[in-house]
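# Coordinate analysis (summary)
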Amino acid sequence: MGSIRLSDTTGSLFMDFRYGVGRFREYSALADNPTNRKKLQKVLDKIEAEIADGSFVYANYFPGSKALKRLAKL
C-alpha cells in the first residue's frame, strides 16, 4: 500500500509505493493541502490497481524519472 507524504526538504508532496522488487518515491511540485492530497491519492490508487493487475508501465506515469534506469536493469 502506497502513501502520500510531505517532503521535509522541499515542502512538497510525494508518492511512496512498492513496485516489483523495490520501493519508489516520486516527488511532485504540489503544496500540502487537502485538494492536492486528494489528486495524488487518485493517481496512486490507479497506479496500485495497475500494479495489481499487471498492466502498470512506470514510464507512462513518470517519463522523466531517474528510476527508469534502475527499472531497465531489472
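What comes next concerns the included structure. Bear in mind the structure is a predicted one, so any value in this text is a computation, not a measurement.

## Focus on the pairing of strand β3 (residues 22-31)
- Summarising the sheet, strand β2 (residues 12-19) and β3 pair through 7 bridges and their orientation is antiparallel. Looking across to β3, one finds that serine 12 is bridged to alanine 31.
- What sits between β2 and β3 in their antiparallel hairpin is a turn of 2 residues, with glycine 20 showing a positive phi close to 65°.

## Let's talk about the nonpolar core
- Counting residues in hydrophobic clusters, the biggest one holds 13 residues, and the most contacted among them are Ile4, Met15, Phe17, Phe24, Ile47, Tyr58 and Phe62.
- Beyond its immediate sequence surroundings of up to four residues, phenylalanine 62 is in contact with Met15, Phe17, Glu26, Ile47 and Leu68.

## Here's the deal with the packing of aromatic side chains
- Following the criterion strictly, the structure yields 13 aromatic pairs and no others.
- Between phenylalanine 17 and phenylalanine 62, the aromatic rings sit 6.2 Å apart at their centres with planes inclined by 25°, giving stacked as the arrangement. Note that phenylalanine 17 is positioned in strand β2 and phenylalanine 62 in the loop between α2 (58-61) and α3 (67-73), a separation of 45 residues in sequence. Of the two residues, phenylalanine 17 and phenylalanine 62, neither departs from the other in class, the shared state being buried.
- The interplanar angle of 55° and the centroid separation of 6.3 Å between the aromatic rings of tyrosine 19 and phenylalanine 24 together place this pair among those described as tilted.
- A relative accessible area of 22% places tyrosine 19 in the partly exposed class.
- Aromatic ring contacts, followed pair by pair, group Phe17, Tyr19, Phe24, Phe56, Tyr58, Tyr61 and Phe62 into a single cluster.

## With respect to the pattern of salt bridges
- Going through the model one piece at a time under the given rule, you end up with 3 salt bridges.
- Put simply, arginine 5 and aspartate 16 hold a salt bridge, and the shortest N to O gap is 2.6 Å. Of this pair, arginine 5 sits in strand β1 (residues 3-6) while aspartate 16 sits in strand β2, and the two are 11 residues apart along the sequence.
- A residue is classified by how much of its surface remains accessible, and aspartate 16, at 7% relative accessible area, is buried.
- What you see here is one network of salt bridges that share partners, running through Arg5, Asp16 and Arg23.

Reading guide: rules and limits
- Residues numbered from 1 in each chain as written.
- Predicted model: local features only at pLDDT ≥ 70, side-chain atom pairs only at ≥ 80, totals over all residues.
- Heavy atoms only, no water.
- Pairing = 2+ DSSP bridges.
- Helix = DSSP H or I, 4+ residues; strand = E, 2+ residues; numbered from the N terminus.
- Core = buried A, V, L, I, M, F, W, Y, C linked by side-chain atoms within 4.5 Å.
- Buried < 20%, exposed > 50% of the residue type's maximum accessible area, 1.4 Å probe, protein only.
- Contact = heavy atoms within 4.5 Å.
- Phe/Tyr/Trp six-rings, centres within 6.5 Å; stacked < 30°, edge-to-face > 60°.
- Salt bridge = Lys/Arg side-chain N within 4 Å of Asp/Glu carboxyl O.

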